[in-house]
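Descriptive structure summary
Letter by letter, the chains look like this.
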Protein chains: 4
Amino acid sequence: MKALVYHGPGSKRWEEVPTPGIGEATDAIVRVDAVTICGTDLHILKGDVPEVTEGRILGHEAVGTVVETGPAVTTVRGGDRVLVSCINACGRCAYCRQGRYGQCQGGGGWVLGHLIDGVQAEYVRVPFADTSLYPLPAQVTDEAALMLADIFPTSYEVGVLASHLQPGTSVAVVGAGPIGLAAIITAQLFSPGLIVAIDTAEARLDAAKRFGADTVVNPTRDDAVHVVRSLTDGLGVDAALEAVGIPQTFELCAGLVRPGGHVANIGVHGKPATLHLEELWIKDVTITTGLVDTFTTPTLLRLVAAGRLDPTPLVTHRFELADIEKAYDVFSRPAETAALKVVLTR
Amino acid sequence: MKALVYHGPGSKRWEEVPTPGIGEATDAIVRVDAVTICGTDLHILKGDVPEVTEGRILGHEAVGTVVETGPAVTTVRGGDRVLVSCINACGRCAYCRQGRYGQCQGGGGWVLGHLIDGVQAEYVRVPFADTSLYPLPAQVTDEAALMLADIFPTSYEVGVLASHLQPGTSVAVVGAGPIGLAAIITAQLFSPGLIVAIDTAEARLDAAKRFGADTVVNPTRDDAVHVVRSLTDGLGVDAALEAVGIPQTFELCAGLVRPGGHVANIGVHGKPATLHLEELWIKDVTITTGLVDTFTTPTLLRLVAAGRLDPTPLVTHRFELADIEKAYDVFSRPAETAALKVVLTR
Amino acid sequence: MKALVYHGPGSKRWEEVPTPGIGEATDAIVRVDAVTICGTDLHILKGDVPEVTEGRILGHEAVGTVVETGPAVTTVRGGDRVLVSCINACGRCAYCRQGRYGQCQGGGGWVLGHLIDGVQAEYVRVPFADTSLYPLPAQVTDEAALMLADIFPTSYEVGVLASHLQPGTSVAVVGAGPIGLAAIITAQLFSPGLIVAIDTAEARLDAAKRFGADTVVNPTRDDAVHVVRSLTDGLGVDAALEAVGIPQTFELCAGLVRPGGHVANIGVHGKPATLHLEELWIKDVTITTGLVDTFTTPTLLRLVAAGRLDPTPLVTHRFELADIEKAYDVFSRPAETAALKVVLTR
Amino acid sequence: MKALVYHGPGSKRWEEVPTPGIGEATDAIVRVDAVTICGTDLHILKGDVPEVTEGRILGHEAVGTVVETGPAVTTVRGGDRVLVSCINACGRCAYCRQGRYGQCQGGGGWVLGHLIDGVQAEYVRVPFADTSLYPLPAQVTDEAALMLADIFPTSYEVGVLASHLQPGTSVAVVGAGPIGLAAIITAQLFSPGLIVAIDTAEARLDAAKRFGADTVVNPTRDDAVHVVRSLTDGLGVDAALEAVGIPQTFELCAGLVRPGGHVANIGVHGKPATLHLEELWIKDVTITTGLVDTFTTPTLLRLVAAGRLDPTPLVTHRFELADIEKAYDVFSRPAETAALKVVLTR
């Protein structure tokens, strides 16, 4: 089969590799029908994720069709249309028992395109198929489902749910890239009273408005803390969601929340940030971090099927699977291409 | 009357001042029967709390007897034995409506011995008496009640409850001074599976053991992260409680928790700390800060009255009220005096 | 002034009575600008609420203008436009301290038009004004605010919040009168996956559809349990909200929920119901009852002000205050008049 | 092998049957080392549980040693000492994903000694071994572990956790048989302020006192509602736990709770009860029912291992496995034998 193979920092190739087969009794082999590229894949290509070794097939977000299952698999079978989630769950460890699949201690967690071969390929072997694949209802399109492989559960779980959004509360989303926009969309499931989006790119702020932000702030032009406080009785927002991944944006979030507020970090960070405990110790602030667990995937699928949630407007570009190198190029230059999410299909 | 008056950094005096009277309809005047000194009072004396101005009577932890009440006060009256809590609640603002009295926006919060005259005096004016004084059951002694004016609700709310301790969970308490020890005592209300105390002073570690720690670690001798992980399947504790107030101890706490764990900051900090987001972003960690709200004061009083909680072993020294300058001296040199809490009575 | 006075079962009169004045330091006098009639007022008129004695002014839902305040009132003053809520809060008792104002032990709870004179009058004395009146933002009309005096917080707190609705969950609302419709409207703040309305009156089912129900069932025509299970994988709904107040509808709710589901009783009951513990003991069901606390009134006002919630479509008839006896007649015959809520203004 | 086989109502026999073997890839075969008898086994013998058919091996609480595992089993292996829990979990269905194993839709739930052969035998086949067996720490004895197979997680989950006990709250336990006593013991993990035990048998009330009840009430002698209110400011307890299973005791629980309180039903009921909604609708009461899920089994094992919980005092009689018919006789006449739990070992 063909697959996108990592060959060390800066190097990848769509090339011929052996088609995978069943290894463990709990495995499934899935034919990839649609796949997307994640910001994390770009990090890997820069060499920032040393666990990814040369020869690894990349990718952790796909929709496909089951072609074969191991003898212990009972909930999916050949021919089933399924979502291949970015997180695998052994289903047996203490973390999986609590729905914290991202922290799985039994061989799951984020492994696809990371510690084992991923989904940017014609076929993929999926471990723990029973607890890691999600059969798709007929009314959910491949493209909509694909958005639920990583980005939507990440924004919803690590951002919206972690910060305990409730009807009427106020939320600031710092960073209006794909993750921030998915946070703005899923925040609206709880009918917040105010959504403020903050980003330095005007095009992303326009998108934020289109996707539901009430107010947008460009911190290169306006003082975000000042604007947010003027909209919130001088106190700050109930929840600030970090969706960038650099120290400055995290520190901005800590300055945006009111006493009793939440800072939910969604961004992937490479450096430490400064935590101003000399101001925060007295302020009743909660800060949360986390990797997605995908425990909300069934809920999000149900909302899409019911027409309550539409994740597809995030898709800006579409390609054939064989053109994946071109797709990487477009996705890696969002300032020029305005790319949010790209979709590759057979 | 006599009172302990602040005269600028380094200077205080037990001297004659005017006896306070009712100002607002919601005030009460309380005769002080027992009072204690807080670590925060020492900070004020160093000049670290600039909001405290010269001429201010210090102190925010007392037990006393109501002598007069304003016309709008309905729940206490002259002769009632009461706890004067470190936090006053207007009872009307959005924060008070949610039991977050420490963040009161209506004139309450921490004001005694800070923004208005405090309790290290023969009499004190207490604003919002109905929502700030706690009548004492006969079976609760002055000394036991006094420990509930600040230190016990602080450790219980900001440490134990904020970190969601549950039966069987594991907890590390960093800092075994009065606040850390009160955290160790109140943590046991939830029957945790393991309590580890960490401090650099052997005397404090001995106290920690006496008050219920299962294991103690002196980081000048042993690697605390290593010891804690070896006791917790290599993963770390469910909750780490910071009870010191310096960057190093906060950062230690962040290193002690398992994926999915809580860091509850109780300490008063004067400097920022480093938050290692490059490690924590993926780890499902929750960090909380906060000022005590004293919403648990009725619960703690009930537990003391029922014989379920005994806070008095923290009292190491007793003085007459007029000897308060001597008491400050003893309390400010704990390494030599082994002082935990000092009690002054009429 | 003029007021609607109860003169024993079946008898009421709009007549001249003394204008109220300040009694306690915490009172306010409010000029009534808009008022509505509650189903409970009809119960009182039938003699079903013996605590209401002859001579009592009826009514507990109003919007008005403060004309005078007692000396201890600090958060409202003469000229303020305010919502007079159906629940008063002493703000001092253990229940008020937890936001459970409906259970106030200090003289509040449901008292207006019940234990003290109510709001169906030109003026009303409101006890505990600071914790019982809600100043109105300019963008909230009298009519919208009036819907928040009782019916919307009741449906939202006792129905929607008590049953822990979450995005994607399924809910059945049994009874599509004003309370049931307000439940259907406020349920949507949480983006449920499915809303089923059940009622025997076709006109009310039409209203339910208009206000957001996905499916409606008339149990005189279809088996509600069968229909609901067919929509929910054979298991039943996550939450069933009782909004009628008779044994049959409560028992229907208990049959509609899935294992792990909630039955939230909102209806006012006069008779016991049968609880089929022989089926339910094994089923992980939660049943909740409750009087409204109005702790969500500020949230609901914020949602109305932000344009996120519009309660005014429930208003079907409008009258002048002096025509209140005619308004009672219309409101008491909904089957003929199609009345949901009636609004009376000066 | 030998096993206790059900031969229709009133009839059972310790007899020779085929030794079980691995059926599914996820099965394990366990040699039974210790086993106990449950009140439910007596119900089955009366013919009250028609799902149990003739020829079924009884029993669902055991401790044993793994002798063989299916090819998909990864977390236990031959020689492991394990707890065989009363609940099996497929680990894949929506209920198992949320830790609600008792409601498993994938072939688990309560099946042992019910829908498949049970543990009152020399060997047992355990389905879904990875998610249904609990390896035992060396410091937990067989007898202590055996008490965690059903009775302790049942009382803890369905009683103590469901009613949200917290430090300082008050709890009434109605019924002081084995389940009620286990509730009294596990309630103390949360340091409640008051535990009242109610039973008609003096011997059980004595046991209740010994195991931690503060007050006991015999309703044949005293009015339980009156006694409980006199101990709780006239309001009632925060939580009432039903541990009998008849309408009268459930209705008593509903009368014992304060406004805002919880009734947690643990008892197995065969008849409906009357729910006095005409009193309860206004009272903010929460009622919960449920089958045990055993999600707390690892926590309880940890507490036993740490010496924080000792369930063994409930064991009153010990037998050899071959004497199981004698053990049934003793267990079925508790009034004469004072039996609480009986333990049978090889």
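Above: the structure in question.
Another point: the pairing of strand 5 (residues 81-84) of chain C. Along any regular strand the residues' side chains alternate between the sheet's two faces. Residues and elements named next belong to chain C. Of the strand pairs in this sheet, strand 4 (residues 62-69) and strand 5 are connected by 4 bridges, and their pairing is antiparallel. The partner of Thr65 across the bridge, within strand 5, is Arg81. Note: strand 5 against strand 7 (residues 133-135), 3 bridges, orientation antiparallel. Note on strand 7: the bridge partner recorded for Leu83 is Tyr134.

Turning our eyes to something else, we now look at the nonpolar core. If you look at the biggest cluster of nonpolar residues, it comprises 198 residues, and the most contacted ones within it are Leu133(B), Phe152(B), Leu133(D), Phe152(D) and Leu314(D). Counting residues in hydrophobic clusters, the runner-up holds 196 residues, among them Trp14(A), Ala34(C), Leu136(C) and Leu291(C).

A complete count under the given rule lists 56 salt bridges over all chains for this structure. When the shortest N-O distance is used, the salt bridge between Asp214(B) and Arg308(D) registers 2.9 Å. Taken together, the residues span two chains, with Asp214(B) in the loop between helix 7 (202-210) and strand 10 (215-217) and Arg308(D) in the loop between helix 11 (297-305) and strand 15 (315-320). Residue Arg308(D) is classed as partly exposed on the basis of its relative accessible area of 30%. In the salt-bridge network here, residues are joined through shared partners; they are Asp329(A), Arg333(A) and Glu336(A).

Another point: the environment of Ile179(B). Relative to the helices and strands, Ile179(B) is located in helix 6 (residues 178-187). For Ile179(B), the residues in contact, after removing those within four places along its chain, are Ile151(B), Thr154(B), Ser155(B), Ala243(B) and Ile266(B).

All names here are of chain B. Helix 7 packs onto helix 6 with a crossing angle of 20 degrees between their chain directions and a minimal axis gap of 9 Å. The orientation of helix 6 relative to helix 7 falls into the category roughly parallel. When you trace helix 6 past helix 7, the crossing you get is right-handed. Of helix 7, the residues touching helix 6 (which contributes Pro178, Leu181 and Ile184) are Arg204, Ala207 and Ala208.

To continue, consider the relation of the copies chain B and chain A. Taken as rigid bodies, chain B and chain A are interconverted by a rotation of 180 degrees and an axial shift of 0.0 Å, the fit giving an RMSD of 0.0 Å. Within this description, the copies of the chain are treated as partners about a two-fold rotation axis. Looking at the interface residues of chain B, 100% of them are also at the interface in chain A, so both copies use one shared face.

Turning next to the interface of chain B and chain D. Each side of the interface is counted separately: chain B has 18 residues, and chain D has 18 residues. The contact between chain B and chain D buries some 1300 Å² in all, and 49% of this surface belongs to carbon and sulfur atoms. At the surface where chain B touches chain D, the tally comes to 2 salt bridges. Along the contact surface separating chain B from chain D lie 8 residue pairs in polar contact (both at pLDDT 80 or more).

Between chain B and chain A, the residue contacts involve 35 residues of the former and 35 residues of the latter. For the chain B and chain A pair, buried surface summed over both sides reaches about 3100 Å², with 57% attributable to carbon and sulfur atoms. Ranking the residues of chain B by area buried against chain A places Leu277(B), Trp281(B) and Asp284(B) at the top, with a combined share of 22%. Our enumeration of links across chain B and chain A arrives at 2 salt bridges. Between chain B and chain A we count 21 residue pairs in polar contact (both at pLDDT 80 or more) in total. For the side of chain B that touches chain A, the elements supplying multiple residues, two or more each, are strand 12 (257-265), strand 13 (273-275), helix 10 (277-280) and strand 14 (286-288) of chain B. Ranked by residue count, the leading element in the side of chain B that touches chain A is strand 12 of chain B, at 4 residues. Split into classes, the residues belonging to the side of chain B that touches chain A amount to 15 nonpolar, 13 polar and 7 charged. Sheet analysis places strand 13 (residues 273-275) of chain A next to strand 13 of chain B, joined by 3 bridges and oriented antiparallel. Note that in strand 13 of chain B the partner of Thr274(A) across the bridge is Thr274(B).

Criteria and cut-off values
- Residues numbered from 1 in each chain as written.
- Chains lettered and ligands numbered in written order.
- Predicted model: local features only at pLDDT ≥ 70, side-chain atom pairs only at ≥ 80, totals over all residues.
- Heavy atoms only, no water.
- Pairing = 2+ DSSP bridges.
- Helix = DSSP H or I, 4+ residues; strand = E, 2+ residues; numbered from the N terminus.
- Core = buried A, V, L, I, M, F, W, Y, C linked by side-chain atoms within 4.5 Å.
- Buried < 20%, exposed > 50% of the residue type's maximum accessible area, 1.4 Å probe, protein only.
- Salt bridge = Lys/Arg side-chain N within 4 Å of Asp/Glu carboxyl O.
- Contact = heavy atoms within 4.5 Å.
- Axes fitted to C-alpha atoms, helices over the stretch in contact; angles between N-to-C directions.
- Parallel < 35°, antiparallel > 145°, perpendicular 65-115°, else oblique.
- Left-handed = near helix turned anticlockwise from the far one by under 90°.
- Least-squares fit on C-alpha atoms with pLDDT ≥ 70 in both.
- Buried area = accessible area lost by both parts, 1.4 Å probe.
- Polar contact = N/O pair within 3.5 Å; in protein donor to acceptor, adjacent residues only side chain to side chain.
- Nonpolar A, V, L, I, M, F, W, Y, C, P; charged D, E, K, R; others polar.

None of this, on its own, says anything about what the molecule does.
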